[in-house]
Amino acid sequence: MDEVVALCKRRGLIFPASEIYGGIANTYDYGHYGVLLKNNVINAWWKAMIQERDDVVALDSAIIQHPRTWEASGHLAGFTDPLVDCKTCGKRYRADHLGELQCGRKPSKHPGETDECDLTEAREFNLMFATTIGPVAEAGSTVYLRPETAQGIFLDFKTTLQYARRKPPFGIAQVGKSFRNEITPGNFIFRTLEFEQMEMEFFVPPAEAEKWHEYWMQARMDWYVSLGIDPERLKLRAHGPDELSHYSSATSDIEYLYPIGWSELEGIANRGDFDLKQHAEYSGEKLEYFDPNAGERYVPHVIEPAAGVGRTVLALLCDAYDTDEIGGEKRTVLRLSPAVAPVKVAVLPLLRKDGHPEKAREIYLELRKHVSAEYDEGGAIGRRYRRQDEIGTPLAITIDHQTLEDDTVTVRDRDSLQQDRVPVGELLDRVTQLTR
Ligand code: ATP
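Residues numbered from 1 in each chain as written. Predicted model: local features only at pLDDT ≥ 70, side-chain atom pairs only at ≥ 80, totals over all residues. Heavy atoms only, no water.

Asker: Looking at this model, I keep getting lost on the site of the ligand. Mind explaining?
Answerer: Arg180, Glu182, Arg191, Glu264 and Leu265 are the nearest of the 15 residues found near the ligand. In the environment of the ligand, a nitrogen atom lies 2.9 Å from a nitrogen or oxygen atom belonging to the backbone of threonine 192. Contacts to the ligand include leucine 265, whose backbone N or O atom sits 2.9 Å from an oxygen atom. Within the complex, 83% of the 600 Å² of free accessible area of the ligand lies under protein. At the level of secondary structure, the elements contributing two or more residues to the shell around the ligand comprise β10 (194-204), β13 (261-272) and β16 (301-308). Tallying contributions element by element places β13 first for the shell around the ligand, with 4 residues. (Near = heavy atom within 4 Å. Polar contact = N/O pair within 3.5 Å; in protein donor to acceptor, adjacent residues only side chain to side chain. Areas by Shrake-Rupley, 256 points an atom, 1.4 Å probe, with all protein chains shown as cover. Helix = DSSP H or I, 4+ residues; strand = E, 2+ residues; numbered from the N terminus.)

See the structure below:
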């Protein structure tokens, strides 16, 4: 993990937020290549959910919803972690994570393991961030930053049913930020206070819930493999009865073998009719579907694949991170699939003179109309290759004196390191084929 974190910082993919003030717990900023990588993940998700299907529609609901939302959803009462304080070191810990945490005084021990530790009884701590609407923090104006995007989807179920002209089984998908007041140290971007979720609520006739739960578990596993993640490092794990969320009748997590061990990448829950029924009760609106063929009304059940953008980015980075040796020199390389690589092709003039930069820019300007490309003329060619390897650029095109004679360039493959001579006229095909 430390190596991945160092690479992210070195190349400006992801780094601690508010760094000039010493940072802020579990909060990170994404720099240029990090944003490109993250956007590729989000776009791939939208593609799988919307472009390649016709039974899911898109939504972008508000982060701050009516406060009753969280009463109805059960989050106000039940979205809590058990906390303990140590009276000796003054640190606060999640009671259910003690075995993974370090004692404040003796880091080789867990909290509570030494004679000096003096832990309080566990008390429940709500993970929602509260804020106020209006200038005065008076009663009645308290609102919450959403801890999941799903509830916005349930609130808009009726509206969407009307305008989208869909009937169950159909889904509503959204991507957006969620916020949780996490106190466990985060393991880089694995657990952060604010994070983007990619969630889809799939509304189905009750009798079909189990079938669709199975379907989405498989579809979501396949999606991670399609991003280039090693299937050996992915697994499905069903929740035991004591782990289930308050709304869920069955949940399976897709876990990835992060450097910190097998951990949740995505949860796929059978939420039953819990949410729609709760919001119907609290709002007084009927949240049902009338099936004209059967002549009956029912509350659809919900299957929810809920993924985290940050955890997907982290899985991709850990999976792609590799080191090897070229000519006796150590190389760090991100073997990202071209589909998610921040930059698909780098265009590099061999020299900063003799017409190389002009020709290189001409090629670059053409390629960037089609794919994410980068032009770089700074430094020795070997160092420029190394820079591209570290951000996972699959192809590097070099313009040299021969280019000016016969209009060919060398194309270097990040993984095989093979260099082919390719006519400029064939470049676009070569590059777009790779990323298709
Ligand atoms: P965990 O048990 O790790 O806290 P969770 O089961 O509470 O996660 P869900 O409520 O199922 O998580 O949220 C769905 C997805 O959102 C998770 O699989 C994860 O990818 C992402 N996610 C949840 N909490 C965080 C967080 N604090 N930081 C980053 N991603 C998160």
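Having seen the structure, we can now continue with the description.
Asker: For this particular structure, what's the right way to read the sheet that holds strand β19 (residues 345-349)?
Answerer: Where strands meet in a sheet, backbone hydrogen bonds hold them as pairs that are either parallel or antiparallel. If you trace the 5 strands from one edge of the open sheet to the other, you get β20-β19-β21-β22-β23, paired in mixed fashion. Among the strands making up the open sheet, the edge pair consists of β20 (373-375) and β23 (419-423). Shown here is a sheet whose adjacent strand axes are inclined to one another by a mean of 25 degrees, direction ignored. Here helix α10 (residues 356-367) sits on the sheet in contact with β19, β20, β21 (395-399) and β22 (408-413), set at roughly 165 degrees to β19. (Pairing = 2+ DSSP bridges. Axes fitted to C-alpha atoms, helices over the stretch in contact; angles between N-to-C directions. Contact = heavy atoms within 4.5 Å.)

Asker: Sorry, what's going on with the sheet that holds strand β6 (residues 123-126) here?
Answerer: Taken in spatial order, the 3 strands line up as β5-β4-β6 in an open sheet, and their pairing is antiparallel. Edge strands, defined here as strands with exactly one partner in the open sheet, are β5 (92-94) and β6. Looking at each pair of strands side by side, their axes are set apart by 45 degrees on average, direction ignored. One ladder, built from 3 bridges, connects strand β4 (residues 80-85) with β5; its direction is antiparallel. Bridge pairing in β5 links aspartate 85 to arginine 92.

Asker: How do you make sense of helix α1 (residues 2-10) when you look at a structure like this?
Answerer: Think of an α-helix as turning once every 3.6 residues; residues three or four places apart then point the same way. Residues of α1 that are buried: Val4, Leu7 and Cys8. With its buried residues spanning 100 degrees around the axis, α1 presents them on a single face. Looking at the buried residues of α1, the elements they touch are β1 (14-16), α9 (309-320), β17 (321-326), β18 (329-334) and α11 (381-391). After α1 finishes, the residue glycine 12 shows a positive phi value of roughly 70 degrees. (Buried < 20%, exposed > 50% of the residue type's maximum accessible area, 1.4 Å probe, protein only. Arc of directions from axis to C-beta.)

Asker: Even after reading the chapter, I still don't get the pattern of salt bridges, so can you show me in this structure?
Answerer: Should the charged atoms of two oppositely charged side chains come close, the side chains can pair. One pass over the full model with this rule turns up 40 salt bridges. Between lysine 177 and glutamate 194 there is a salt bridge, with the nearest N and O atoms lying 2.6 Å from each other. Residue lysine 177 is located in strand β9 (residues 170-179), and its partner glutamate 194 is located in strand β10; the two are separated by 17 residues in the primary sequence. Accessibility expressed as a relative area gives 33% for lysine 177, which makes it partly exposed. Residue arginine 430 is joined to aspartate 420 by a salt bridge in which the shortest nitrogen-to-oxygen separation is 3.3 Å. In this pair, arginine 430 sits in helix α13 (residues 427-435) while aspartate 420 sits in strand β23, placing the two residues 10 residues apart along the sequence. In this structure arginine 430 comes out as partly exposed when scored by relative accessible area, which is 28%. (Salt bridge = Lys/Arg side-chain N within 4 Å of Asp/Glu carboxyl O.)

Asker: How do you make sense of the pairing of β22 when you look at a structure like this?
Answerer: Side-chain positions along a regular strand alternate between the two faces of the sheet. Burial runs high along β22: 5 of the 6 residues are buried. In this sheet, β22 lies alongside β21 in antiparallel orientation, the contact comprising 4 bridges. Within β22, the residue paired with isoleucine 397 across the bridge is valine 411. Pairing between β22 and β23: 5 bridges, direction antiparallel. Following the sheet pairing, valine 411 is matched in β23 by aspartate 420. Hairpin connection of β22 to β23: 5 residues between the antiparallel strands, including leucine 417 at a positive phi of 65 degrees.

Asker: Whenever I open this one, unusual backbone geometry confuses me. Can you help?
Answerer: The bulk of non-glycine residues show a negative phi, and the bulk of peptide bonds are trans. Following proline 168, the chain continues to proline 169 via a peptide bond in cis, the omega torsion being 0 degrees. Its location among the elements puts proline 169 in the loop between α6 (157-164) and β9. If you check the backbone angles, serine 18 has positive phi at about 50 degrees while not being a glycine. In this structure, aspartate 354 is a non-glycine residue whose phi angle is positive, near 60 degrees. With respect to the helices and strands, aspartate 354 occurs in the loop between β19 and α10.

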